[in-house]
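For reference, the chains in residue letters:
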Amino acid sequence: MAASKRTRIIVGVVAVLVLGGVVAYSVTKDSFNKIPVVMEKVARRDLVSTVSASGEVKPKKFVNVAADISGRITDLYVREGDTVKAGQMLARIDATRLQAGKDQSEAGVQAARADLTRAEADVEVSRLAYERSKKMHADKLISDQEYDQADADLKMKTAAMDAQKRRIRQQEAMLASTSDDVRKTVVVAPMAGVVTSLQKEQGESVIGAQSFSPTIIMTVGDVSAFEVEILVDETDIRYVALGQPAEVRVDALEGVKLGGEVTEIGSSAIPRGSTAATTVTSSSTANQAKDFKVTVTLKNPPPSLRSGLNATAEITTNKKEKVLAVPIQAIVVRQLNKQGKVIDPTALQASDSDPSSGGNAPREKGEEKEGVFVVHDDQVAFRPVKTGIIGETQIEVTSGLQEGDEIVTGSYKTLRTLKDEAKVKKQEDNQKKSWWEF
């Protein structure tokens, strides 16, 4: 009897162990079939959308002082960093040849005026002779021929006097021109400001404004107001608008953040790598990356700020508070068939890469949709969503999700091939990696 009882106990224990083993195997098998993913609940966040670009600090108002006359710089009266007043003498260009031309023009004017004096005297003599001839002709004392001769002589002398007056005006115009050339050999400041750049030194030769590209001697800028010219990528320019606030960091002023505002947006695309003055005129730039020039005017620039410093501007293009947002990497693209079902991405890849198909294998095509994988009862379902502004790491979801929904946020490798209705499990903390490491 005791043996029979012992046997029943042993059989019961074995049965429990076998049943436990079957359950454990089933649970373990089910666990192995589940894909480990990173999950996160949809929540409301404050989002700030920004566009960042690099550029150079410049005075808001500046003038490139160019040479008006070709020649050699004989005197340079300022140095870089000097403060100047409007009309102040900055430099002098050799005027020897031009001064000789001016002297010659002055002599020409004087000679022409002397000739005019003689011509006026000749006219007066001819006029008196004509008056006498006219009276004598009326008294029948001279012939018609003599009278006509006196009249013609007066007209000839008058015409000569008028021609001499025109020659004087011509000589005076030449004198004005040569005097202007001599005056332009003195380079003066066009505005009050600071010499921010000195590009030529005393003794160097310069090319004047008669050329298509006159020599820039120096730059005078108003350093009471600065701006930053940045080049914004063509994919971001649509978000930038006049009046948007910006935060500027200058490389040379470590740790200093300057406030600014967008005051100008270029309308012409600039091929990347070219100068800001270049415009797109060639079809060869059709596939080349392009930028747009944007000007950010700084507010309350510090005295230590200098023209030409490298800077980075971060423009705030949009800001929203307490909006539904998810991590950017959670947004994936899937193709949906006519019934709204997700087409298996691995099947699409296999169809594209199968060499045996000869490229003619039938493939179901669908409409691409952005969405996320929502987790419910350890199973995911692809849900199309509409998105809004993009923050630093989060993106706004305007429709398709509710606060508290649990979604898959990683890893990137898993999201790339994750199938609709796949079984998933929460990845343990000791197994987690950054989403881009997978």
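Residues numbered from 1 in each chain as written. Predicted model: local features only at pLDDT ≥ 70, side-chain atom pairs only at ≥ 80, totals over all residues. Heavy atoms only, no water.

One open sheet accounts for 4 strands, arranged β6-β5-β3-β8; its pairing is antiparallel. Single-partner strands in this sheet number two, and they are β6 (186-188) and β8 (205-206). (Pairing = 2+ DSSP bridges. Helix = DSSP H or I, 4+ residues; strand = E, 2+ residues; numbered from the N terminus.)

Our focus in this paragraph is the side chain of asparagine 337. Relative to the elements of secondary structure, asparagine 337 occurs in the loop between β15 (332-336) and α4 (345-353). Classification of asparagine 337 as buried rests on a relative accessible area of 15%. From its side chain, asparagine 337 meets the backbone nitrogen of glutamine 339 in a polar contact 3.0 Å long. (Buried < 20%, exposed > 50% of the residue type's maximum accessible area, 1.4 Å probe, protein only. Polar contact = N/O pair within 3.5 Å; in protein donor to acceptor, adjacent residues only side chain to side chain.)

What follows covers the pairing of strand β10 (residues 245-250). By the alternation rule, side chains of β10 split into Ala246, Val248 and Val250, which are all buried, and Pro245, Glu247 and Arg249, of which none is buried. When β10 meets strand β11 (residues 257-265), the two strands line up antiparallel, connected through 5 bridges. Each residue of the ladder has a partner; that of arginine 249, found in β11, is lysine 257. As consecutive antiparallel partners, β10 and β11 are separated by 6 residues, and within that stretch glycine 255 has a phi angle of approximately 85°, a positive value. Both β10 and strand β14 (residues 310-327) contribute to a ladder of 5 bridges, which runs antiparallel. Bridge pairing in β14 links arginine 249 to threonine 312.

On to a positive patch on the surface. Positive charge collects at one region of the surface, where Lys165, Arg166, Arg167 and Arg169 lie side by side. Mapped onto the fold, arginine 166 is located in helix α3 (residues 144-184). (Patch = residues over 30% accessible without salt bridge, like charges linked within 9 Å, V, L, I, M, F, W, Y side chains within 5 Å. Areas by Shrake-Rupley, 256 points an atom, 1.4 Å probe, with all protein chains shown as cover. Salt bridge = Lys/Arg side-chain N within 4 Å of Asp/Glu carboxyl O. Lys, Arg positive; Asp, Glu negative; His and termini not counted. Charge placed at Lys NZ, Arg CZ, Asp CG, Glu CD.)

Helical periodicity: at 3.6 residues per turn, an α-helix aligns residues three or four positions apart in one direction. Taking 1.5 Å of rise per residue, 43 residues should cover 63 Å, and helix α2 (residues 96-138) covers 63 Å from first to last C-alpha, within 8% of that figure. For α2, the full list of buried residues reads Leu98, Ser105, Gly108, Val109, Ala112, Leu116, Ala119, Val123, Ser126, Tyr130 and Ser133. Where α2 is buried, its residues meet α3. Where α2 terminates, the next one or two residues include lysine 140, which has phi positive at roughly 65°. (Expected span 1.5 Å × (residues − 1). Contact = heavy atoms within 4.5 Å.)

Across the chain, pLDDT averages 85, with 83% of residues at or above 70. For the chain, helix α1 (residues 2-33) is the element with the lowest average pLDDT, namely 51, and β10 is the one with the highest, namely 96. pLDDT under 50 marks residues 20-29. Its contacts with residues more than four places away, or in other chains, come to 0 contacts. (pLDDT = per-residue confidence, 0-100.)

A few words on the nonpolar core. With 24 residues, the main nonpolar core has Ile230 and Val248 as its most contacted residues. Valine 248 has contacts with Val228, Val256, Lys257, Leu258, Val296, Leu298, Ala311, Thr312 and Ala313, leaving out every residue within four places of it along the chain. Within the second largest apolar cluster, 18 residues are counted, among which are Ala67, Leu90, Val206 and Val220. (Core = buried A, V, L, I, M, F, W, Y, C linked by side-chain atoms within 4.5 Å.)

If you walk through the whole model with that rule in mind, you get 21 salt bridges. Two residues, aspartate 378 and lysine 34, come together in a salt bridge whose shortest N-O distance is 3.0 Å. You can see aspartate 378 sitting in the loop between β16 (367-376) and β17 (379-384) and its partner lysine 34 sitting in the loop between α1 and β1 (35-41), a full 344 residues away along the chain. Residue aspartate 378 is classed as partly exposed on the basis of its relative accessible area of 35%. Classification of lysine 34 by relative accessible area gives buried; the value is 16%.

Now for the environment of valine 397. Tracing the backbone through its elements, the reader meets valine 397 in strand β19 (residues 394-399). Taking C-alpha positions, valine 397 is 5.8 Å from lysine 386, a pair spaced 11 residues apart along the chain. Ignoring sequence-local partners within four residues, the contact set of valine 397 consists of Leu324, Ala325, Val326, Val385, Lys386 and Thr387.

Among the secondary structure elements, serine 105 is positioned in helix α2. Among the polar contacts made by the side chain of serine 105, one reaches the side chain of threonine 178 at a distance of 3.4 Å. Not counting chain neighbours up to four residues away, the residues in contact with serine 105 comprise Gln171, Met174, Leu175 and Thr178.

Attention shifts here to α3. Taking 1.5 Å as the rise per residue, α3 with 41 residues should run 60 Å; its terminal C-alpha atoms sit 60 Å apart, in good agreement. Restricting attention to buried positions, one finds in α3 the residues Tyr147, Ala150, Leu154, Met161, Ala163, Gln164, Ile168, Leu175, Thr178, Ser179 and Val182.

Turning our eyes to something else, we now look at the environment of lysine 102. Relative to the assigned elements, lysine 102 resides in helix α2. Residues lysine 102 and methionine 174 lie 72 residues apart in sequence; the distance between their C-alpha atoms is 8.3 Å.

As paired strands, strand β18 (residues 386-390) and β19 are joined by 3 bridges and run antiparallel to one another. Among the inter-strand pairings, isoleucine 390 is bridged to a residue of β19, identified as isoleucine 395. Between β18 and β19, which follow one another and run antiparallel, lie 3 residues.

Of the consecutive residues glycine 410 and serine 411, the connecting peptide bond is found in the cis state with omega at -5°. Structurally, the position occupied by serine 411 is in the loop between β20 (406-410) and α5 (412-417). One non-glycine residue, lysine 322, lies in positive phi territory at about 55°. Its place among the elements puts lysine 322 in strand β14. We classify lysine 322 as exposed; its relative accessible area is 56%. The phi torsion at glutamate 421 lies on the positive side, around 70°, for a residue other than glycine. When you line up the elements, glutamate 421 lands in the loop between α5 and β21 (424-426).

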